[in-house]
Every structure is written in structure tokens, then in C-alpha cells.
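Single-letter residue listing:
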Amino acid sequence: MTLVIENISKKIQDKQVLENVCFELHQGEIVGLVGRNGAGKTTLFGTIAGELLPDFGHIGLDDLDYNKTTRLHDQLCYVDMPENWLHYYSPKKIKTIFKLAYENFDESWYDAEIKRFGLNNSKRIRTYSKGMRALFVIIVSFASRAQYVLLDEPLDGLDVLIRDQVKQLIVNQVTQHNTTILIASHNLIELDTLVDRILLLKNQTIDRTFAIEDNKNIKKYQLAFTGEELPRFLRESGTIIAQTGHIVTIVFNDFSEELGIKLAGPEFKFVEELQISSEDVFRASFAEEAFSWQQELEVDA
Ligand SMILES: Nc1ncnc2c1ncn2[C@@H]1O[C@H](COP(=O)(O)OP(=O)(O)OP(=O)(O)O)[C@@H](O)[C@H]1O
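Treat the numbers as computed from the prediction; the structure is a model and nothing was measured.

Help me understand the sheet that holds strand E14 (residues 268-274) in this model?
Whenever strands of a sheet pair, they do so through backbone hydrogen bonds, lying parallel or antiparallel. Reading across from one edge, E12-E13-E11-E14 is the order of the 4 strands in this open sheet, with antiparallel pairing throughout. At either end of the open sheet lies a strand with only one pairing partner, and these are strand E12 (239-244) and E14. Strand-to-strand, the axes of this sheet are offset by a mean angle of 20 degrees, without reference to chain direction. Relative to strand E13 (residues 247-252), strand E11 (residues 219-225) runs antiparallel, the two being bridged by 6 bridges. Considered in E13, the bridge of Tyr 221 is made with Ile 250. Packed onto the sheet, helix H9 (residues 278-285) meets E11, E12 and E13 and runs at close to 95 degrees relative to E12.

See below:
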């Protein structure tokens, strides 16, 4: 089964938030969704889940239209706490609601996890702390046993110990149930340890998809140049994410043998390849904005 997001466009109050968003999610994948604040991640989740109607485009599960096929609705779970009305209810009550909504709801697993994490079964979710709410969302979403689970900032507000447990829950869910999980997060370091690939939402659309593990062409270097000026080919072939005097940290999206030869030349005092992370790719994708802010700060100072 494949979830197909096809040409989704959405305007909110005359503002184009999403435009021609296209991607597919396959069974058993964990995929990250990243973007700047206000990029439209939550809007995209709401649109995929059918809470918001797209202006154009459609969400398909294989050949069927998700929004128009009611029997598909237990194949996807998105709980957008705290906005969701569910927060007025206790886990005990929510169980009865979810059992009606999700045919394969795993009651015994749900009860066991609520108990294991010490969540109060009779207290309304709105009285929970931020971290407890986040934990509850993950438990109820996974207990639905929906094929597709959308998690918006699932690790936000969780302490380190619970975070480790939650990451384990995510991995177990995929290995044991072949669930597909789409995770929106600003925590790129943690995403790197979880996801198979990352979708970058920029300029209202999926600007790029990347997988750090598989992509041997994305490289990060730290180097010191010898001359007065930064060698021009660096700016043309890479994105500088940090510079202090003659020392530069640069990300190459498409590293080649030819570039490797140039870096070994006399223009550089030292050249060292560094381990790349999604955070570096993110910085490189928004380098122009970061650079213009830096310039504004320097003018103000
Ligand atoms: N109900 C609304 N009314 C007006 N504007 C909205 C509404 N919901 C979202 N927007 C606007 O749509 C844009 C996308 O918002 P959204 O919450 O989807 O972004 P996001 O990527 O999830 O942001 P963040 O990372 O900060 O959570 C923003 O400019 C936001 O102001």
C-alpha cells in the first residue's frame, strides 16, 4: 500500500501555504518532514489527514481517494494535540472512541503502555503536562494500528529518558507492524537517528528529499584557504555554512572527483572532511537567509 500525496495546494486566508506538494510514502518507512517555522508542516499534516481540504490535488491510498473513501480512514492516524477535541477526555474514554474509529485498535498494548509510562488513565489529557501529552499522542496513535501515522514534533517536551523510550517505541512499531511514520520535527539530530529519508518543505513545496546514509554525494568539509579571497569555485559548487577568517565550513550537494582534486591543490592550507548531518543540509538549504540576517546584524552593530 502506498500513500500518494499528489499536487497538494492550500491557501489559508489568501496566503499560499502549500503549492504542488508531491511525495509518496511506502510501507515500513520512517520519513522526516522538516522546514522553517511557518513553512506549512502542520498544514500539510492536517491536509493529508482530511482535517483541511486541499484547494487542488489529492491524497490517494493506492488507487483510491483517501478523503472520499470512508473505509480507508482507519488506515491513517493523526492526533493534532493540543488542538484536538480529544484533550477533553481521559485515556480510558479515548480508548472507547478509538476502538470505534480504528478496527484494529490494540487495546491490550494501549493499556500496558499507559500503565508502563505511569499516565493517569482517568485524568483528562488537557490536565497532563506537555511531555505527558506528547507521550500519550504517540501511544494512542500507535495503538490505532493504522498503517500510516503522522507525528508532529513527537519528541518535543520529553525528557531524555522518555525520549529514548519513545524512539524505541517508534522503531518497534515499524519493525513489528510495518507501519509508515511521517515525523515533522525541528530536531534534526534526533531525526537522523530515526528516519530513512527527509523531505524538506521550502517555498510552499517539497524542495528536496535527501537521505544522509545513502547519499555519498553530499559532503561537508572544513578547510583553510591560503590567498586573500575565498577561491571562487567554492562558492559556485558548495554552500558555506560557517566562516571565520580563512577557515570555512562548506557543504557540497554534489561532490565530484574533480572537486576533490581542486581541494588537494595549493590554494588550501588544510582540508578535512567532516561527518555530515541533516542539520548541515538544512543550514545549507537556507544559507542565503542566514547570510542576509548576519549582514543585517553586522550593519546594526
Ligand atoms: N488557522 C490559521 N489562520 C491563519 N493562518 C494560518 C492558520 N494556520 C496556519 N496558518 C499560516 O500558515 C502558515 C503555515 O503554518 P504551519 O503551522 O502549517 O507551519 P509549520 O511549518 O507547522 O510551523 P512551525 O514549525 O512553526 O510549527 C503560517 O504562515 C501560518 O501563519
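Next, the rest of the story.
How should I be thinking about helix H2 (residues 91-101) in this particular structure?
Quick reminder: α-helices carry 3.6 residues per turn. Residues three or four places apart thus point the same way. Residues of H2 that are buried include every one of Pro 91, Ile 94 and Phe 98, and no others. With its buried residues spanning 55 degrees around the axis, H2 presents them on a single face. Turned more than 90 degrees away from the buried face of H2 sit Thr 96 and Leu 100, all of them exposed. Looking at the packing, one finds that the buried side of H2 touches helix H3 (107-116) and helix H4 (130-143).

How should the nonpolar core be read in this particular structure?
The nonpolar side chains of soluble globular proteins are, as a tendency, buried together. By size, the foremost hydrophobic cluster in this structure holds 72 residues, and its most contacted members are Leu 33, Ile 138, Ile 139, Val 140, Val 149 and Ile 183. Looking at which element gives the most residues to this core, the answer is H4, with 9 residues. For this core, the domains that each give at least three residues are domain 1 (2-210) and domain 2 (219-300).

Explanation requested: the sheet that holds strand E3 (residues 30-35) in the structure shown.
Taken together, 6 strands build an open sheet; the order of strands is E6-E7-E8-E3-E9-E10 and the sheet is mixed. Every interior strand has two partners, whereas the edge strands, strand E6 (76-78) and strand E10 (205-210), have only one. On average, each strand axis in the sheet is tilted by 20 degrees relative to the strand beside it, whichever way the strands run. Across 5 bridges, strand E9 (residues 197-202) lies against E10 in antiparallel orientation. Looking at E10, one finds that Ile 198 is bridged to Phe 210.

Where do I start with the site of the ligand in this structure?
Contacts to the ligand come from Ile 12, Gln 13, Val 17, Gly 35, Asn 37, Gly 38, Ala 39, Gly 40, Lys 41, Thr 42 and Thr 43. Looking at the shell around the ligand element by element, the count peaks at 3 residues for helix H1 (residues 41-48). Split by residue class, the shell around the ligand holds 3 nonpolar, 7 polar and 1 charged.

Basis of the calculations
- Residues numbered from 1 in each chain as written.
- Predicted model: local features only at pLDDT ≥ 70, side-chain atom pairs only at ≥ 80, totals over all residues.
- Pairing = 2+ DSSP bridges.
- Helix = DSSP H or I, 4+ residues; strand = E, 2+ residues; numbered from the N terminus.
- Axes fitted to C-alpha atoms, helices over the stretch in contact; angles between N-to-C directions.
- Contact = placed C-beta atoms within 7 Å.
- Buried ≥ 20, exposed ≤ 12 C-beta atoms within 10 Å, placed from the backbone.
- Arc of directions from axis to C-beta.
- Core = buried A, V, L, I, M, F, W, Y, C linked by C-beta atoms within 7 Å.
- Domains from an automatic or database assignment.
- Near = placed C-beta within 6 Å.
- Nonpolar A, V, L, I, M, F, W, Y, C, P; charged D, E, K, R; others polar.

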